[in-house]
Amino acid sequence: MRSRLSRLPTLALLAIMTAGALTPAVVSAQSADAPNGRMPQAYKPAVKPNTGAEDASEAKRNDDDGGPAGPVDRRTLSIGRGDTLMDLLAEAKVPANDAHDAVAALRDVYNPRRLQVGQRVTVLFEPRRGGARKFVGFEFAPDPLRSVSIARKGDTGFTSSQTEKPVTRKPVAAQGVIRSSLFEAGAQAGVPISVMMAFLQNFSYDVDFQRDLQPGDRFEVMYEKLVTADGTEAGEGELLYASLTLSGDDMPIYRFKTRDGRIDYFNDDGESIRRALLRTPIDGARITSGFGMRHHPILGFSKMHKGVDFGAPSGTPIYAAGRGTIELAERNSSYGNYVRIRHNTEISTAYAHMSRFAKSIRRGARVDQGDIIGYVGSTGRSTGPHLHYEVLKAGHQVNPRSVDLPTGEKLEGRELQNFQQARRAIDKLFEESRGGLQLARTPASASPEEKGCNKATSC
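Residues numbered from 1 in each chain as written. Predicted model: local features only at pLDDT ≥ 70, side-chain atom pairs only at ≥ 80, totals over all residues. Heavy atoms only, no water.

The chain goes by M23 family peptidase in an unreviewed UniProt entry, where it is assigned to Azospirillum humicireducens. Quoted verbatim from the Subcellular location (unreviewed entry) field of UniProt, the annotation for the chain is "Cell envelope". (UniProt positions renumbered as here; feature names shortened; annotations may be inferred.)

Caption draft 1: Highlighting the overall build of the chain. Secondary structure assignment for the chain yields 10 helices and 23 strands. At a minimum sequence separation of 6, the contacts of the chain that also span at least 24 residues come to 61%. Split by element, the accessible area of the chain, about 25,800 Å² in all, is 49% carbon and sulfur. (Helix = DSSP H or I, 4+ residues; strand = E, 2+ residues; numbered from the N terminus. Contact = heavy atoms within 4.5 Å. Areas by Shrake-Rupley, 256 points an atom, 1.4 Å probe, with all protein chains shown as cover.)

Caption draft 2: Just the sheet that holds strand β21 (residues 372-375), in detail. One open sheet holds the three strands; their spatial order is β15-β21-β19, and the pairing between them is antiparallel. Of all the strands in the sheet, just β15 (317-319) and β19 (356-357) have a single pairing partner and so form its edges. Both β19 and β21 contribute to a ladder of two bridges, which runs antiparallel. Bridging from a neighbouring strand, R356 pairs with Y375 of β21. (Pairing = 2+ DSSP bridges.)

Caption draft 3: Looking closely at the packing of aromatic side chains. In total, this model carries 15 aromatic pairs according to the counting rule given. With centroids separated by 6.4 Å and ring planes inclined at 15 degrees, the aromatic side chains of F138 and F140 adopt a geometry described as stacked. Of the two residues, F138 and F140, neither departs from the other in class, the shared state being buried. Three or more aromatic residues link up through ring pairs in this structure, and these residues are Y241, Y254, F256, F266, F419 and F430. Over the ring of F125 we find R133, and its NZ or CZ is 3.8 Å from the ring centre. Over the ring of Y375 we find R356, and its NZ or CZ is 4.1 Å from the ring centre. (Phe/Tyr/Trp six-rings, centres within 6.5 Å; stacked < 30°, edge-to-face > 60°. Buried < 20%, exposed > 50% of the residue type's maximum accessible area, 1.4 Å probe, protein only. Lys NZ or Arg CZ within 6 Å of the ring centre and 35° of its normal.)

Caption draft 4: Quick peek at the side chain of S243. Positionally, S243 belongs in strand β8 (residues 233-246). Among all residues touching S243, those that are not within four sequence positions of it are F199, F203, R218, F219, E220, M251 and P252.

Caption draft 5: Summary view of helix α8 (residues 193-203). Looking only at α8, the buried set comprises V195, M196, F199, L200, N202 and F203. Packed against the buried residues of α8 are α7 (182-188), β7 (218-228), β8, β9 (249-257) and β10 (263-266).

Caption draft 6: Representation of the pairing of strand β14 (residues 308-311) within the structure. Burial along β14 is two-sided: the residues V308 and F310 and D309 and G311 are all buried. Note that β14 and strand β22 (residues 386-393) share four bridges and pair antiparallel. Bridged to D309 within β22 is H388.

Caption draft 7: Fine view of the sheet that holds β7. Strand order in this open sheet of five strands is β6-β7-β8-β9-β10, and the pairing throughout is antiparallel. Whereas interior strands pair on both sides, the edge strands pair on one side only; in this sheet they are β6 (167-177) and β10. Pairs of neighbouring strands in the sheet enclose a mean axial angle of 25 degrees, with direction left out of account. In terms of strand pairing, β8 meets β9 through six bridges, oriented antiparallel. Bridging across to β9, L246 finds its partner in D249. Sheet contacts for α8: β7, β8, β9 and β10; angle to β8, the most-contacted strand, approximately 40 degrees. (Axes fitted to C-alpha atoms, helices over the stretch in contact; angles between N-to-C directions.)

Caption draft 8: Unusual backbone geometry, seen in detail. Notably, K93 is not glycine yet its phi reads approximately 65 degrees, a positive angle. Note on placement: K93 falls in the loop between α5 (85-91) and α6 (96-106). Taking the relative accessible area as the measure of exposure, K93 reaches 63% and is therefore exposed. The phi torsion at S333 lies on the positive side, around 50 degrees, for a residue other than glycine. Residue placement: S333 occurs in the loop between β16 (324-331) and β17 (337-342). The class of S333 is exposed, set by a relative accessible area of 64%.

Caption draft 9: Expanded view of α6. For α6, the complete set of buried residues consists of D98, A99, A102, V103, A105 and L106. Mapping the buried residues of α6 onto a view down its axis gives an arc of 155 degrees, with all of them on the same face. More than 90 degrees from the buried face of α6, the exposed residues found are A96, N97 and H100. Looking at the buried residues of α6, the elements they touch are α5, β3 (133-143), β4 (146-153) and β5 (157-164). (Arc of directions from axis to C-beta.)

Take a look at the structure:
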């Protein structure tokens, strides 16, 4: 059967072709010869008519030529020893420019240098038709409470975001008997190191842990354990309550938020545990030399030792014993790296033999009690890493143990009533947690009398 076109007169057929009725057939032939099936630029009109039909046709052609071909591909890699995030992205075949822009976007929410060896990072690619892939971002969880993601933002770059996972705060109670050290007793009772560090720091205002602790002394703590919705333990929250029993004398402290928003620890009478100066401005150290006459280990003769030496590993943080102003932060003869803090018109403290100063520690800077001012070292005249600590009264070194250290504030009136109510609630919560499954118990080797000891009996 002959087609209708074949029946048309020759001049009519030429007119139809000239008017463009057969243009799609011509374009199709031209496109078939172009790379990747794309029509060369020369065949596109100089001015594209703004019609919905042609927009849809153009979008369809783009989709056919390289648009998304399916769900996002996910490739998970781990940071190796000595690797950077850029190295990991290069291993995943991410284009260098895209990798650089994505890491730059990450810095808005997370420092990529904090990534640890073994950190798992999921790199995301969007499959394209024809077998190509387009890098569209990456994601990882730096800790159990956070997830961080980087996503492509159109064709202009990348954007970053982070999501905080909701957590439940569960109270956990623990108690133990001190045999050799507080840290050992805490470890045996299953108390995390971070909680024991907070315990140590809060009692360091009143307790000399080298001299005051005796075998048989006891401790109690109640702290928060953070748990995500899927049951993953995500670390520890706040220390809510702690008690230290020294030679039968109970010393409880409670966390309390005042009406003006300040959070501090108070004893059961509502007195702040904070004093003018810390007894020991370093955690977990041992006293290697006290205040007084001694045979000097380097000079070889008896000499007055005008401070207290705390032996500790090099790099151990050193804390400001009290709030004040830095008077000196420099190399100082036999003291080595030396810091002196003026606390008031009469009292100053000094710290010697540091390996290095903390950032921002300089003459004239203000520090708060507990701020890190430097790190243990062995600079100057020293036989090994330790902190030489001095208390100066009117410019003269005095025995730190002889200095009267007044307590901080005492709650009164309505504030004291609120505290006493909060204290009773914490005591009740401790007893409930102590009797439940959340209790971190002492070792099975403890005697029956020790197992039966509780906060109420004060044994």
